[in-house]
Amino acid sequence: MALRLFNTLSGKIEEFQTIDGNAVRMYACGPTVYDYGHIGNFRTFVAVDILRRFLRQSGYRVHHVMNITDVDDKIIRNAAEAGLPVQQYTSKYEKAFLEDAAALGIEQPELVRATEHIPEMAEFIAGLVAKGLAYRTEDGSYYFRIAKFPAYGKLSKKDFAGMEDGARVDVDEYEKDSARDFALWKAPKPGETSWESQIGPGRPGWHIECSVMSMQELGESFDLHAGGEDLIFPHHENEIAQSESATGKPFARFWFHARFLLVEGEKMSKSRGNFYTVRDLVLRGHKPSSIRYLLASSVPYRNQLNFTFDGLQQAATSVERLRNFRQRLVDGKFADGSDLSLASLATQTSKRMRESLEDDLNTAQAQAAVFDMVRVANSAIDSGNLKKEDAPALLAVLNQFDEIFAVLNDDDAAKMKQVADWAEAEGRQKEISPELQEILRSTALSDDQINQKIADMQAARASRNFALSDSIRAELTALGILIEQTKEGVRWRRK
């Protein structure tokens, strides 16, 4: 099989094919850095990360570019209210976004920032004007003439047959179905941040930013453009219109859109009190690996995810089960030999996972495959039927799984401490929950220090110094270190 993805442009699942052999050029719309990113945003970023990882696992060379929108209406408004220059205002939220993305195991693509490409955007707009595709208004703003692009609506599948020629909209985001000429360049209002350019003072509109930066980095035509479903119209529709009008070439071959999520069955909003950033969840004591696992799984990216706290707890349980299974394979003292049924299990699981992800990134089926393997293999360990030569193949399947899902490395406590430190610095220490405080206590000792204390505990017990053994165990427990006695020996983990 080959990778098959739903292409928003065609409205159907198609075999993914690149323009240039095994090289993938992909562009993903990144954050608008006016505030902290919420879990709806990060569902999209995790979905794009999984796609990137699977493409690479499939042998592609991936050139992945993501924009940072560091100037738009909201940013200018918020920066003015805060009394800060735009770049000083946005740098805080860009830093927070990159930290949150790293905490969720999202690999960092090549970043491009809107404010670093304004001369190129002005030049692009001048080219549209020269071709009669855009026009200047009396105040010095520039608009794209939608009537010049008859294919307008081909991505969103909206019918714009009755659109009013010459009607304009100058805000960066709008939800109306009526198509209007949209702003490419906005003349400055009194006191508003602006840039000098070959087309006059002002700043770029939101839509032109992505067109110019993506084509500069990836070429006039590239393989895949990704983003959240909310960007299909007007943002991506407008990108196509201005880009293809300028070049006469297809802009992006595939369009990949992830659905947003509900929270406890309702639309997420601040007024409902169910609006959560990644940092909000960590302060409540939820591990980044659990958050990633839930955002990555449960239902595939094109289905609406109902984000619940029960689901988040189930995600934590699933991650812990996978980590424990891997540790059993690593620490196990297995008899020599192999079991053909377990070798076959590893092979079939690897195949099932790959086929699931090739089927429009069906993460739910991929996870089901690995947990079927865990169940059978755990049973074999318990009964003594798993042999020494079986473990490497099973570990290889776990590695294949984690190349995509990135949840097996147990570095949650360190990432959560970073959020707690941030909360302290921001004066939000009251939001640090007792659950997080307990987890943070487990970071007081390094892995080597914990291993030494467990060795001391075992030595004390072996010499029948039970009081010392019990005191070491109590000390570790107080620090949030959970110790388990298993068939394979003593095992520990941080809470």
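Every chain is numbered on its own, with residues counted from 1 as its sequence reads. In keeping with the predicted nature of the model, local features appear solely for residues at pLDDT of at least 70, side-chain atom pairs appear and are counted solely at 80 or more, and the whole-chain, interface and lining totals rest on all residues. Side-chain numbers come from the whole structure's heavy atoms, not from hydrogens or water.

Trainee: Could you give me a rundown of the nonpolar core, with the residues and numbers involved?
Mentor: Leu5 and Phe256 are the most contacted members of the largest nonpolar core, which has 141 residues in total. Here this core gets 10 residues from one element, more than from any other, and that element is helix α1 (residues 39-57). Not counting residues up to four positions away in its chain, the partners in contact with Leu5 are Lys12, Ile13, Glu14, Phe16, Leu51, Leu224, Phe254, Phe256, Tyr301, Asp360 and Leu361. One finds Leu445, Ile454, Ile472 and Ile483 within the second-largest nonpolar core, a separate group that totals eight residues. To qualify as a nonpolar core, a set must consist of buried Ala, Val, Leu, Ile, Met, Phe, Trp, Tyr and Cys residues joined through side-chain atoms within 4.5 Å. In this scheme, a residue with accessible area under 20% of its type's maximum is buried, one over 50% is exposed, and one in between is partly exposed, where area comes from a 1.4 Å probe on protein chains only. Secondary structure follows DSSP: runs of H or I at least 4 residues long count as helices, runs of E at least 2 residues long count as strands, and numbering of each begins at the N terminus. In this analysis, two residues are considered to be in contact whenever any of their non-hydrogen atoms come within 4.5 Å of each other.

Trainee: How would you summarise the sheet that holds strand β3 (residues 23-28) if you had to cite specific residues and measurements?
Mentor: Two strands qualify as a pair provided DSSP detects at least 2 bridges between them. Taking strand neighbours across the sheet as the criterion, the five strands line up as β5-β4-β3-β11-β12 in an open arrangement whose pairing is parallel. Across the chains shown, the open sheet's two edge strands, defined by having one partner strand only, are β5 (110-113) and β12 (252-258). This sheet shows a mean twist of 25° between the axes of neighbouring strands, independent of strand direction. Direction of pairing for strand β11 (residues 222-228) relative to β12: parallel, over a ladder of six bridges. Bridging from a neighbouring strand, Gly227 pairs with His257 of β12. The angle between two axes is taken between their N-to-C directions and runs from 0 to 180 degrees, where each axis is a line fitted to C-alpha atoms and a helix contributes only its stretch in contact. The sheet contacts of helix α6 (residues 232-247) involve β11 and β12, and relative to β11 the element is tilted by about 160°.

Trainee: Explain the sheet that holds strand β14 (residues 266-267) to me, using residue names and the numbers behind them.
Mentor: Taken together, the three strands give an open sheet; going across it, the order is β14-β13-β15, and neighbouring strands pair in mixed fashion. The open sheet has two edge strands, β14 and β15 (305-307), and neither has a second partner.

Trainee: Help me get a handle on α1, residues and values and all.
Mentor: For α1, with 19 residues, the first-to-last C-alpha span of 26 Å sits near the 27 Å given by 1.5 Å per residue. Counting buried residues in α1 gives 16 out of 19 residues, a clear majority hidden from the surface. Positive backbone phi, at 100°, marks Gly59, one or two positions downstream of α1. One fewer than the residue count of a helix, multiplied by 1.5 Å, yields its expected span.

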